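The chain contents come next:
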Amino acid sequence: MLTKDLLRYKTQNGQIYPQFVKPIDTKLLAIAEQLIAVFEESPDKPRATLLETSKHIVDSTPGAPIVKRGLEKLLLDRTEFDTTPNEELIAFREKLFTETSRLLSQEQFENHADYQRKVLGTMAEELLSEVAPTEEDLAAKLYADLPSCQPVLAFKTLSAEHLLHRYNTAQVQGLLLHSDTLTLKLTDSMTAELRQLFKYLRFNQLLSTIRKEEELYQISVDGPLNLFYKTKRYGINLANFFVAVLHQPRWELAAEIQFRNKQRYRLSLDESCGIKPISQQFLAYIPEDIQLFQTMLRNKTDDWQIRPGSQFIPLPGDLYCFPDYQLVHKNGVETAIELFHPWHQGHLIARLNTLAEQTDVSLILGVSKELEKKPFIAEALAASTYFSQFGFIFRDVPTIRTLLPILNALVWSTTHIAEKM
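Colleague: With reference to specific residues and values, describe the overall build of the protein.
Modeller: Looking only at helices and strands, the protein features 16 helices and 16 strands. For the protein, with 421 residues in total, the buried portion stands at 44%. With an accessible surface of roughly 22,600 Å², the protein has 51% of that area assigned to carbon and sulfur atoms.

Colleague: So what about a negative patch on the surface? Which residues, and what values?
Modeller: Together, Glu213, Glu214, Glu215 and Asp318 make up a negatively charged patch on the protein surface. Relative to the helices and strands, Asp318 resides in the loop between strand S11 (313-315) and strand S12 (319-321).

Colleague: Just give me the short version of the side chain of His341, but keep the residues and values in it.
Modeller: Relative to the helices and strands, His341 resides in the loop between strand S14 (334-340) and helix H12 (345-354). Among the residues examined, His341 registers a relative accessible area of 10% and is labelled buried. Aside from chain neighbours lying at most four places away, what touches His341 is Gln205, Ser368, Leu371 and Phe394.

Colleague: I'd like a rundown of the pairing of strand S13 (residues 325-329), residues and numbers included.
Modeller: For S13, the buried fraction is high: 4 of the 5 residues fall into the buried class. As defined by bridge partners, strand S10 (residues 304-308) adjoins S13 across 5 bridges and the pair is classed as antiparallel. By the bridge assignment, Ile306 is partnered in S13 with Leu327. Sheet topology places S13 next to S14; 4 bridges connect them, and they run antiparallel. Counted as the bridge partner of Gln326 is Ala336 from S14. Where S13 hands over to S14, the hairpin turn is made up of 4 residues, of which Gly332 adopts a positive phi near 100°.

Colleague: Describe the side chain of Thr79, with residues and values.
Modeller: Positionally, Thr79 belongs in strand S3 (residues 79-81). One polar contact links the side chain of Thr79 to the main-chain carbonyl oxygen of Leu75, over a distance of 2.8 Å.

Colleague: So what's going on with unusual backbone geometry? Which residues, and what values?
Modeller: With phi around 50°, Asn13 is a residue other than glycine that occupies positive phi space. Tracing the chain through its elements places Asn13 in the loop between strand S1 (9-12) and strand S2 (15-18). For Asn13, a relative accessible area of 72% corresponds to the exposed category. Notably, Asp44 is not glycine yet its phi reads approximately 80°, a positive angle. A residue is classified by how much of its surface remains accessible, and Asp44, at 70% relative accessible area, is exposed.

Colleague: I'd like a rundown of the sheet that holds strand S15 (residues 363-368), residues and numbers included.
Modeller: Within the open sheet, the 5 strands sit side by side as S10-S13-S14-S15-S16. Their pairing is mixed. The open sheet has two edge strands, S10 and strand S16 (391-394), and neither has a second partner. The mean inter-strand angle of the sheet, taken between neighbouring strand axes irrespective of direction, is 25°. Two strands pair when backbone bridges link them, and S14 and S15 are joined in this way by 5 bridges, in the parallel orientation. Each residue of the ladder has a partner; that of Ile337, found in S15, is Ile364.

Colleague: Give a detailed account of the pattern of salt bridges, specifying residues and quantitative values.
Modeller: Under the defined criterion, the tally for this structure stands at 8 salt bridges. When the shortest N-O distance is used, the salt bridge between Arg351 and Glu338 registers 2.8 Å. Of the two residues, Arg351 sits in helix H12 while Glu338 sits in strand S14, which places them 13 residues apart along the sequence.

The rules behind the values
- Position numbers for residues count from 1 along each chain, tracking the sequence in the order it is written.
- Residue-level local features of this predicted model are given only where pLDDT is at least 70; pairs of side-chain atoms are given and counted only at 80 or more, and the full residue set underlies all totals for whole chains, interfaces and linings.
- Side-chain numbers come from the whole structure's heavy atoms, not from hydrogens or water.
- Secondary structure follows DSSP: runs of H or I at least 4 residues long count as helices, runs of E at least 2 residues long count as strands, and numbering of each begins at the N terminus.
- Only protein chains enter the accessibility calculation, which uses a 1.4 Å probe; a residue is then buried when its area is under 20% of its type maximum, exposed when over 50%, and partly exposed in between.
- Per-residue and other accessible areas follow the Shrake-Rupley method at a 1.4 Å probe size, with only the shown protein chains counted as cover for residues.
- Exposure above 30% relative accessible area and the absence of a salt bridge qualify a residue for a patch, where like charges join within 9 Å and nonpolar side chains (Val, Leu, Ile, Met, Phe, Trp, Tyr) within 5 Å.
- Salt bridges are counted wherever a side-chain nitrogen of Lys or Arg sits within 4 Å of a carboxyl oxygen of Asp or Glu.
- Residues scored as charged are limited to Lys and Arg (positive) and Asp and Glu (negative), so that His and the chain ends carry no count.
- One atom stands in for each charge, and that atom is NZ of Lys, CZ of Arg, CG of Asp or CD of Glu.
- In this analysis, two residues are considered to be in contact whenever any of their non-hydrogen atoms come within 4.5 Å of each other.
- For two strands to be treated as a pair, DSSP must find no fewer than two bridges joining them.
- Under this definition, polar contacts are N or O atom pairs within 3.5 Å; protein pairs additionally need one hydrogen-donor-capable and one acceptor-capable atom, and for neighbouring residues in sequence, both atoms have to be side-chain atoms.
- Here the axes come from fitting lines to C-alpha atoms, over the contacting stretch only for helices, and the angles between their N-to-C directions go from 0 to 180 degrees.

None of this, on its own, says anything about what the molecule does.
Printed below as a string of structure tokens:
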């Protein structure tokens, strides 16, 4: 992802226009290939060596430096460095500090050079030098695990053209990190790609309101500037969500962008912008937290089957909910779970208001314990008849202990009504 200083855009009449590169630009493709080759050859080399070589390409090739530094940043994001603590160096530093402290307290020195010589003599065995160790040897050993010295473990390569498409995608993602609101319009095709897009919304815990207008779904997503809780993490989730949008055949995106309380600008894009999808569509992917929840449920009961949310639930006022989980009982009773995390306070209040008078919506609400700690949220939950019947509190992930009583009551209620009929 690109930082603010690497974004290229123009503003005019309240609009903001990201400046894309042409993925077929032969000169830029050649530069991208050179940079990729440097990173492909980087494993086992220190970070400083990699950066020095890539900087040479950035400085010596034609074209806008900001573009080339952006490409370099995206390649660094695909590079794995060895950042594990080095126990040998930790022990070396501990001995060095102990020995220097002992020397200073027990011995006299003619001058600083004499002090250095005795320190090096004390640490000669650890420095493993074939000749008398120098001050440079000591410094090299002492700082061997600084970021600049970290060796490259692996690099996930890609083609030059793919890198340029990823660069264009990152331009949009970088702007979305400074967004207030985002509105997305999609055709009502209900293809696997569209369902997966809504899964991305839930998996990334994004705040969204879904409406259907004729043949279009309109999704309004809160941006990170509209929050007061963990905005950096939320902004990254929103930027990652844009990658899923690129898989849709037809889409329109509008967002409000604002940099550090300056003027607001409107970003408008659609599928004609020319950015190709930069990732595979993992239609069968199930997040780890859902797998954990599925395992816990199976261990407690065979009566219910759980799966990630994949269908819309219509709500009053032409609204729709795309739940986190959908559950089916062995007798056919179906329900769904929608989770509200610490930054979902506005959407939770809206959902409680929407469901206040409802008795036929089979939707269970899970509320984060951290969110419940807020006094006005606690009051709203206590006053909600719906939540008292179909709601529960969770910490990190829902637990079967809190969920099963609600599920069992739901089955009993549904069966009892059916028997009366």
